[in-house]
There are 2 protein chains.
Amino acid sequence: MDAFEALGAPTRRQILGELKRSPRSVNDLVDALSANQPSVSKHLKVLREAGFVSVRGEGQQRIYQLEPARFRELEAWLAPYRQLWTRHLDALERHLERKEKRR
Amino acid sequence: MDAFEALGAPTRRQILGELKRSPRSVNDLVDALSANQPSVSKHLKVLREAGFVSVRGEGQQRIYQLEPARFRELEAWLAPYRQLWTRHLDALERHLERKEKRR
DNA sequence: CCTAAATATGCCTTGACAGGAATATTCCCT
DNA sequence: AGGGAATATTCCTGTCAAGGCATATTTAGG
């Protein structure tokens, strides 16, 4: 499953939202979200295989945290589209300027 | 289908990639991608309903173009994660500075 | 009005994924 | 080594989306 598909499931975006605040154990995530433990574990597996999160063992817990690299790739994908709205804003600006000069 | 799911299908990302260059008719997209026409039309429908593209009729053609608003929302979603790697870079910078001072 | 071009829609099949429950595994502690 | 906590995996089922094909719809032009 590729990066975009991985973000398709709302539950996984919720998980990322939680991990954005701080790294978490699986049980912490289970509490934060309202999902059962196997479900969370499975979603974490998907996110891990998609490169969005990594794990480290800490005692008998497994702590998941975000993996910046994947997010940078998202950013890179999105970047070329950004000029879409900057161009848009430029046009708006020019438009406003013309109005300004007219009064 | 929500925005992220809409981006899940590779074919749809290809379509967006084409439309990024310039607005296109359906047939132009069919040629650019290697997909059959009904498939392209259906993907365009999904993208339109997800707010990524808009259409205007021009003669007997339908010209599709990107819709900036939806991309801005993606940007907004991604923004909070951006500090992930800026923090990362800061840490790297401090690390390098310490190394620098030591020599 | 009729035809052809451009596009959209309906239908069907196949495959994949999410959710839930039960069970398996791993790891720590004593 | 045994027990319990934390997590992972398996199996099952319902649902939904993608692809391919046939067909319907729209629109321009003669």
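Here the structure is a predicted model, which means the values were calculated and not measured. Counting starts from 1 at the beginning of each chain's written sequence and moves along it residue by residue. Chains and ligands are labelled by the order in which they are written, letters from A for the one and numbers from 1 for the other. Thresholds applied to this predicted model are a pLDDT of at least 70 for local features of residues and 80 or more for the giving and counting of side-chain atom pairs; totals over whole chains, interfaces and linings are not thresholded and use all residues. Calculation of side-chain values draws on the structure's entire complement of heavy atoms; hydrogens and water are dropped beforehand.

1. Here we look at the overall build of chain A
Line of reasoning, step 1. Think of it this way: any DSSP run of H or I at least four residues long counts as a helix, any run of E at least two long counts as a strand, and we number them from the N terminus. Counting secondary structure elements, chain A contains five helices and three strands.
Line of reasoning, step 2. Each helix and strand of chain A, ordered N terminal to C terminal, gives the series α-α-β-α-α-β-β-α.
Line of reasoning, step 3. Looking at the 103 residues of chain A, the share that counts as buried comes to 36%.
Line of reasoning, step 4. Look at the contacts in chain A between residues 6 or more apart in sequence, and 44% of them connect residues 24 or more apart.
Line of reasoning, step 5. For accessible areas, the Shrake-Rupley method is used with a probe of radius 1.4 Å. Any residue's cover is judged against the shown protein chains and nothing else. As presented, chain A carries roughly 6,400 Å² of accessible surface, and 46% of it is formed by carbon and sulfur atoms. Think of it in three bands: with a 1.4 Å probe and only protein chains considered, a residue is buried below 20% of the maximum accessible area for its type, exposed above 50%, and partly exposed in between. Residues count as neighbours in contact if any of their non-hydrogen atoms are within 4.5 Å of one another.

2. Remarks on the nonpolar core
Line of reasoning, step 1. By size, the foremost hydrophobic cluster in this structure holds 53 residues, and its most contacted members are Leu 16, Phe 52, Phe 71 and Trp 77 of chain A together with Leu 16, Phe 52 and Phe 71 of chain B.
Line of reasoning, step 2. If we ignore the near neighbours within four places in the chain, the residues touching Phe 71 of chain B are Trp 77, Leu 78, Tyr 81, Leu 84 and Trp 85 of chain A together with Leu 16, Phe 52 and Leu 66 of chain B. Residues belong to a common nonpolar core when they are buried Ala, Val, Leu, Ile, Met, Phe, Trp, Tyr or Cys residues joined through side-chain atoms within 4.5 Å.

3. Some words on the protein's contact with DNA strand D
Line of reasoning, step 1. For this purpose, a residue is taken to be near a molecule or strand whenever a single non-hydrogen atom of the residue falls within 4 Å of it. Close to DNA strand D lie 23 residues; Gln 37, Ser 41 and Tyr 64 of chain A together with Arg 12 and Lys 42 of chain B are nearest.
Line of reasoning, step 2. One nitrogen or oxygen atom from the side chain of Arg 12 of chain B is found 2.4 Å from a phosphate oxygen belonging to DNA strand D.
Line of reasoning, step 3. For DNA strand D, a base oxygen lies 2.3 Å from a polar atom in the side chain of Lys 42 of chain B. Polar contacts, as used here, are pairs of N or O atoms within 3.5 Å; protein pairs need one atom able to donate a hydrogen and one able to accept it. Residues neighboring in sequence count only if both atoms are side-chain atoms.

4. Quick notes on the side chain of Arg 12 of chain A
Residue and element names in this part refer to chain A.
Line of reasoning, step 1. By the element assignment, Arg 12 lies in helix α2 (residues 10-21).
Line of reasoning, step 2. When charges are counted, Lys and Arg contribute as positive and Asp and Glu as negative, whereas His and the chain ends are disregarded. In the sections that follow, a salt bridge refers to a side-chain nitrogen of Lys or Arg positioned within 4 Å of a carboxyl oxygen of Asp or Glu. Although Arg 12 lies buried, it forms no salt bridge, and the closest oppositely charged side chain, Glu 5, sits 7.4 Å away as judged by the N-O distance.
Line of reasoning, step 3. Polar contacts involving the side chain of Arg 12 include one to the side chain of His 43, which spans 3.0 Å.
Line of reasoning, step 4. Excluding anything up to four places from it in sequence, Arg 12 contacts Met 1, Glu 5, Ala 6, His 43, Val 46 and Leu 47.

5. Re the interface of chain B and chain A
Line of reasoning, step 1. With 23 residues of chain B at the contact, the number on the chain A side is 23 residues.
Line of reasoning, step 2. For the interface between chain B and chain A, the tally reads four salt bridges.
Line of reasoning, step 3. In this structure, Arg 82 of chain A engages Glu 75 of chain B in a salt bridge whose closest nitrogen and oxygen atoms are separated by 3.0 Å.
Line of reasoning, step 4. Put simply, chain B and chain A have eight residue pairs in polar contact (both at pLDDT 80 or more) between them.
Line of reasoning, step 5. Taken together, the elements giving at least two residues each to the side of chain B that touches chain A come down to α1 (3-8), α2 (10-21) and α5 (68-102) of chain B.
Line of reasoning, step 6. No other element matches α5 of chain B, which puts 13 residues into the side of chain B that touches chain A.
Line of reasoning, step 7. Basically, the charged four are Asp, Glu, Lys and Arg, the nonpolar ten are Ala, Val, Leu, Ile, Met, Phe, Trp, Tyr, Cys and Pro, and anything else, Gly included, counts as polar. Broken down by class, the residue content of the side of chain B that touches chain A amounts to 13 nonpolar, three polar and seven charged.

6. Quick word on the relation of the copies chain B and chain A
Line of reasoning, step 1. For the least-squares superposition of copies, only C-alpha atoms count, and only for residues with pLDDT at least 70 in both. After a rotation of 180° and a shift along the axis of 0.0 Å, chain B superposes on chain A with an RMSD of 0.1 Å. Look at the turn and shift together and you get a two-fold axis relating the two.
Line of reasoning, step 2. An overlap of 100% is found between the interface residues of chain B and their copies at the interface of chain A, pointing to a shared contact surface.

7. Observations concerning α2 of chain B
Line of reasoning, step 1. One less than the number of residues in a helix, times 1.5 Å, gives the span that helix is expected to have. Its 12 residues give α2 of chain B an end-to-end C-alpha distance of 17 Å, which sits within 8% of 16 Å, the value for a rise of 1.5 Å per residue.
Line of reasoning, step 2. Every buried residue of α2 of chain B is accounted for by Arg 12, Arg 13, Ile 15, Leu 16, Gly 17 and Leu 19 of chain B.

8. As for the sheet that holds strand β2 (residues 53-58) of chain A
Residue and element names in this part refer to chain A.
Line of reasoning, step 1. Pairing is antiparallel across the open sheet formed by three strands, whose spatial order is β1-β3-β2. A strand with exactly one partner marks an edge of an open sheet, and here the two such strands are β1 (24-25) and β2.
Line of reasoning, step 2. Note: two strands are recorded as paired if DSSP finds a minimum of 2 bridges between them. Summarising the sheet, β2 and strand β3 (residues 61-66) pair through six bridges and their orientation is antiparallel. Following the sheet pairing, Ser 54 is matched in β3 by Gln 65.
Line of reasoning, step 3. On the sheet, α2 packs against β1, β2 and β3 and is oriented at approximately 90° with respect to β3.
Line of reasoning, step 4. Along the sheet, helix α4 (residues 37-49) contacts β2 and β3; its crossing angle with β2, the most-contacted strand, is approximately 120°. Think of each axis as a best-fit line through the C-alpha atoms, taken over the contacting stretch in the case of a helix, with angles from 0 to 180 degrees between the N-to-C directions.

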